[in-house]
Amino acid sequence: MSSNHTDCHYCLQSLRGRKYALREENAYCVACYDSLFANPCEECKQPIECDSKDLAYKGRHWHEGCFKCAKCSRSLVEKPFAAKDELLLCTECYSDEYSSKCFHCQKTIMPGSRKMEFKGSSWHESCFVCQYCQQPLGTKPLITKDNENYCVPCFEKHFAHHCYSCKKVITSGGVTYHDQPWHKECFVCVGCKTLLTGQRFISKDEYPYCVDCFSKLYAKKCAACKKPVTALGDAQFISFEERQWHGECFNCVKCSVSLVGQGFLTQQDDVLCQECGSA
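Going by the annotation in an unreviewed UniProt entry, the name recorded for the chain is Four and a half LIM domains protein 5, with Hemiprocne comata given as the source organism. What UniProt states about the chain under its Function (unreviewed entry) heading is, verbatim, "May be involved in the regulation of spermatogenesis. Stimulates CREM transcriptional activity in a phosphorylation-independent manner." The record in UniProt for the chain states the following under Subunit (unreviewed entry): "Interacts with CREM (via the third LIM domain). Interacts (via second LIM domain) with SPAG8."

Here you go:
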């Protein structure tokens, strides 16, 4: 090196014909520069002399020959690497030790590659696809069944129940009636269209009816009060010769005593207690 500097700034010895280094416009002989300013190598702890290449990472320094993977000792010079607990590792060693494994293929997801995360597991982007159509799921809505992921259209096509009434997919909730799935909003009385979810209803020909509609349309009439006779809950009714009575209406036509569980006589269309019938 040639310069206008003639003496070492520290030891004051002549620099003529000698190598030297500059720092803040001051010249130093190699020995003084190394003793004053050389960085210690993280690996060998020896100073990195001015005629050696100084490789730095996050304030730490290495000789070129010392800059290597802490596990397999391969050189990291001009190669991608990762740091873990102050140790430098090549991408292969880092992946083996610390990288996630793909839930689908069980292979390592390499550092720097894109990974997808769902329900605590990780996938390669290329592995995170619909089980049926194999299209990437990315951030699209999806449904999981038996540890496999499906796009919504494929899941609906292959697995989802279809409403017995409207034939459309039931995406949530629903009602089962006669072993058939229904939307809650489709499970209505055939007569008046009132929602039947959580309500009492009567079935006829596999279709549901509210009590009022069924009574109006199909229930037989009480021979006494002419109102519909149904057997809902604990309601009691009496049947005799194709005629029906509510339990509370099955009374002697003359004295009105209850005939439920009692012997009775008939007179044309009337029922009588034995006492009135014998009079």
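Trainee: Help me get a handle on the domain arrangement of the chain, residues and values and all.
Mentor: For the chain, the assigned domains are domain 1 (20–97), domain 2 (162–218) and domain 3 (219–278). For domain 1 versus domain 3, the separation of C-alpha centres amounts to 107 Å.

Trainee: Please provide a residue-by-residue account of the state of the cysteines, values included.
Mentor: Simply put, disulfide is the name for a covalent bond between the sulfur atoms of two cysteines. Tallied over the entire structure, the rule returns zero disulfides. Left unpaired, Cys127 is separated from the closest cysteine sulfur, that of Cys102, by 3.8 Å. Residue classification places Cys127 among the buried positions, given a relative accessible area of 16%. In this structure Cys222 is not part of a disulfide, and its nearest cysteine sulfur, from Cys225, lies 3.7 Å away. Using a relative accessible area of 1% as the deciding quantity, one classes Cys222 as buried.

Cut-offs applied
- Residues numbered from 1 in each chain as written.
- Predicted model: local features only at pLDDT ≥ 70, side-chain atom pairs only at ≥ 80, totals over all residues.
- Heavy atoms only, no water.
- UniProt positions renumbered as here; feature names shortened; annotations may be inferred.
- Domains from an automatic or database assignment.
- Disulfide = S-S within 2.5 Å.
- Buried < 20%, exposed > 50% of the residue type's maximum accessible area, 1.4 Å probe, protein only.

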